[in-house]
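Fold and geometry: a report
Single-letter residue listing:
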Amino acid sequence: MEQIQDETKITIKQGSKVRLINIQDVIYIESLGRKAILHLSDEIITYYAKISKLEEQLSPYFFRTHRAYLINLKYVESYSRREVLLNNKDSVLISKYRLNDFQKAVEKSHKMLAK
């Protein structure tokens, strides 16, 4: 159902409609019950998906900062011990248990983007 094709698109199903979304356009994903809420710069898309499945598929571009949030590392503007500020000015929570891994992932992603 929601799979990455050639590392750039995610396929989502909304009722009878199927959409291909460029993963580079997804700033972050929020989990609410059994739904995933994709936050894009110009739109918010809600559909049924498991955040754990999305986490598997979107690694290493995305990082799970909290049980409810999966963020695109290229949109990180700044972070503290409690939250991450994204460049669309939204802030998402970061679990204290994931902070260390998050710092490593941010460092690694900036090295990948610098190449």
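If you're wondering where the values come from, they're calculated on a predicted model, not measured in any experiment. (Residues numbered from 1 in each chain as written. Predicted model: local features only at pLDDT ≥ 70, side-chain atom pairs only at ≥ 80, totals over all residues. Heavy atoms only, no water.)

**Concerning the overall build of the chain**
From N to C terminus, the chain includes 2 helices and 11 strands. The helix and strand sequence of the chain, counted from the amino end, reads β-β-β-β-β-β-α-β-β-β-β-β-α. Here the C-alpha atoms of the chain give a radius of gyration of 14 Å, agreeing with the 13 Å that 2.2 N^0.38 yields for 115 residues. Once the C-alpha set of the chain is aligned to its principal axes, its extents read approximately 40 × 35 × 25 Å. Burial status across the chain gives 41% buried among its 115 residues. Considering only residue pairs separated by 6 or more positions, the chain has 39% of its internal contacts joining residues 24 or more positions apart. Side-chain charges of the chain comprise 20 positive and 14 negative groups, with the mean position of each set lying 5 Å from the other. (Helix = DSSP H or I, 4+ residues; strand = E, 2+ residues; numbered from the N terminus. Rg over C-alpha atoms; globule rule 2.2 N^0.38 Å. Buried < 20%, exposed > 50% of the residue type's maximum accessible area, 1.4 Å probe, protein only. Contact = heavy atoms within 4.5 Å. Lys, Arg positive; Asp, Glu negative; His and termini not counted. Charge placed at Lys NZ, Arg CZ, Asp CG, Glu CD.)

**Observations regarding the environment of Tyr79**
Within the fold, Tyr79 resides in strand β9 (residues 76-79). By relative accessible area, which is 36% here, Tyr79 ends up partly exposed. Between the alpha carbons of Tyr79 and Ile51 there is a distance of 22 Å; along the sequence they are 28 residues apart. Beyond its immediate stretch of four places on either side in the chain, Tyr79 contacts Val84, Leu99, Phe102, Gln103 and Val106.

**Details of the side chain of His39**
Secondary-structure assignment places His39 in strand β5 (residues 35-40). What His39 contacts, discounting residues up to four positions off in sequence, is Asp25, Val26, Ile27, Tyr28, Glu30, Ile44 and Asp90.

**Side note on unusual backbone geometry**
The linkage connecting Ser59 with the following residue, Pro60, adopts the cis geometry, with an omega of 5 degrees. Inspection of the secondary structure puts Pro60 in the loop between α1 (51-58) and β7 (62-66). Backbone geometry places Lys89, a non-glycine residue, at a positive phi of 80 degrees. Residue placement: Lys89 occurs in the loop between β10 (83-86) and β11 (91-93).

**Focus on the sheet that holds β5**
One open sheet holds the 5 strands; their spatial order is β6-β5-β4-β8-β7, and the pairing between them is antiparallel. Each edge of the open sheet carries a strand with a single partner, namely β6 (44-48) and β7. The mean angle between the axes of side-by-side strands here comes to 20 degrees, regardless of whether they run parallel or antiparallel. Across the sheet, α1 is in contact with β4 (26-32), β5, β6, β7 and β8 (69-72); its angle to β8 comes to roughly 25 degrees. (Pairing = 2+ DSSP bridges. Axes fitted to C-alpha atoms, helices over the stretch in contact; angles between N-to-C directions.)

**Some points on the environment of His66**
By secondary structure assignment, the location of His66 is in strand β7. Put simply, His66 and Lys35 are 31 residues apart on the chain and 16 Å apart in space, counted from C-alpha to C-alpha. The residues touching His66, leaving out its near neighbours within four places in the chain, are Leu93, Ser95 and Arg98.

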